[in-house]
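Chain residues, written in single-letter form:
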Amino acid sequence: MTATHATTDLKDAEGPAGRTGPAKVAEPRPALSGRALRTAGFHLSAGLLSALWLLPIALVLVTSTRTFDDIAAHGVGSWPHSFTFDSFRQAWVDGGQQRALINSMLVTIPTVLLSLGLASMAAFALSRYDLPFRRVLLLLMLGGNLLPPQILLIPVSKLSEMLGIYDQLYALIGVQVGFGVGFYVFVLHGFMRAIPGEIQQAAVIDGANPWQIYWRIILPLARPALAALTALSFTWIFNDLLWAITVLRTDTQMPITASLIGLQGQYVSMWNVIAAGSVIAAAPTVAVFLRFQRYFVAGLNLGAVK
């Protein structure tokens, strides 16, 4: 009995590694650390802000699928009691959204391609070659974007009349290209200047001319910047209203943003049709954003950190 008790007491006195001493009691850990609380608070705040931002969009989507009788009887903000796509047909056919969307595409796609094509060539020359007054030219292009467009509305309108292109879609294309190239050159210049010069020197040693260097080397390396600018420029040009109502006059020439104003005048109290027209107008830009979303946010910083 004495030996057994002595052995038991010795085992109790030994620690987990066989060392003698009193056993340590683990202290209770806090359920959530301060960092975890801050992370949870950030996600909660971001979720609430996202829900608040998405609430008007959800209201427009729900309103576009309700009937006029339902909205008139219960109000715009009430719980829906009907579901129909007839409002989209009214906006698309009767409201002229089909023609307006085609006009917007006929303006936006050529403008984006032409603007980025010219801007990439200008940025290549200004960033890769030691041209005289290149810094002055770059500052002039950037300074042109600092002017408020409102002060140029009358001169642009008068100039388009003098050139005989007033109320034509290519007049709007020319205006959008002229006011967008400067910014695109500034962004692409910062990106292309960061490309190592050894790549261009190696191409010159291999016998490549400037056009081959631009098309086969610099342009593929600048693909992330071009993708980001494609998303940004498409959104800006497609959603533009100011220049459209400045150089265009006929309803059949108006893009979809200007057509929404006519749709609101045509269907004054039919909020379901107006909401359907807004959804149609927003669909192309949403599709482009989803396609280039990984470049979209990064494109906001292009040129600023290069």
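Residues numbered from 1 in each chain as written. Predicted model: local features only at pLDDT ≥ 70, side-chain atom pairs only at ≥ 80, totals over all residues. Heavy atoms only, no water.

## Looking at the nonpolar core
By size, the foremost hydrophobic cluster in this structure holds 55 residues, and its most contacted members are Leu172, Leu188, Leu229 and Ile256. Mapped by element, the contributors of at least two residues to this core are helix H5 (97-128), helix H8 (169-193), helix H10 (210-221), helix H11 (223-238), helix H12 (242-247), helix H13 (256-266) and helix H14 (271-291). Counting residues per element, this core draws most heavily on H8, at twelve residues. Residues in contact with isoleucine 256, not counting those within four places in the same chain, are Gln97, Ala100, Leu101, Ser104, Phe238, Ile280 and Ala281. (Core = buried A, V, L, I, M, F, W, Y, C linked by side-chain atoms within 4.5 Å. Buried < 20%, exposed > 50% of the residue type's maximum accessible area, 1.4 Å probe, protein only. Helix = DSSP H or I, 4+ residues; strand = E, 2+ residues; numbered from the N terminus. Contact = heavy atoms within 4.5 Å.)

## Details of empty space enclosed by the protein
Gaps left between atoms are located by rolling a probe of water-molecule size over the structure's atoms. Summed over all chains, the structure comprises one cavity of 30 Å³ or more. Space inside the largest cavity adds up to approximately 50 Å³. Lining the largest cavity we find Ser104, Val107, Thr108, Leu172, Gln176, Ile237, Phe238, Asp240, Ala244 and Pro255. Broken down by secondary-structure element, the contributors of at least two residues to the lining of the largest cavity are H5, H8 and H11. Of the residues that constitute the lining of the largest cavity, the class distribution is six nonpolar, three polar and one charged. (1 Å grid on protein atoms, 1.4 Å probe; cavity = no way out; pocket = protein on both sides within 12 Å on 5 of 7 lines; lining within 4 Å. Points joined across faces, edges and corners; volume = space filled by probe spheres on them. Nonpolar A, V, L, I, M, F, W, Y, C, P; charged D, E, K, R; others polar.)

## What to know about H10
When the terminal C-alpha atoms of H10 are compared, their 15 Å separation across twelve residues agrees well with the 16 Å that a helix rising 1.5 Å per residue should span. Of the surrounding secondary structure, the elements contacted by the buried residues of H10 are H5, H8, helix H9 (197-205) and H11. The backbone nitrogen of tryptophan 211 has a side-chain oxygen 3.2 Å away, supplied by the residue at the start of H10, namely asparagine 209. (Expected span 1.5 Å × (residues − 1). Polar contact = N/O pair within 3.5 Å; in protein donor to acceptor, adjacent residues only side chain to side chain.)

## Let's talk about the packing of aromatic side chains
Summed over all chains, the structure comprises ten aromatic pairs. Taking 6.0 Å as the distance between ring centres and 50 degrees as the angle between the ring planes, the aromatic pair formed by phenylalanine 85 and phenylalanine 88 counts as tilted. Judged by its relative accessible area of 54%, phenylalanine 85 falls in the exposed class. Aromatic side chains phenylalanine 183 and tyrosine 184 sit 6.1 Å apart centroid to centroid with 70 degrees between the ring planes, which places their arrangement in the edge-to-face category. Among the aromatic residues, those joined into a ring-pair cluster are Phe124, Tyr129, Trp211, Tyr214 and Trp215. The residue whose ring lies beneath arginine 291 is phenylalanine 292, and the NZ or CZ to ring-centre distance is 5.2 Å. (Phe/Tyr/Trp six-rings, centres within 6.5 Å; stacked < 30°, edge-to-face > 60°. Lys NZ or Arg CZ within 6 Å of the ring centre and 35° of its normal.)

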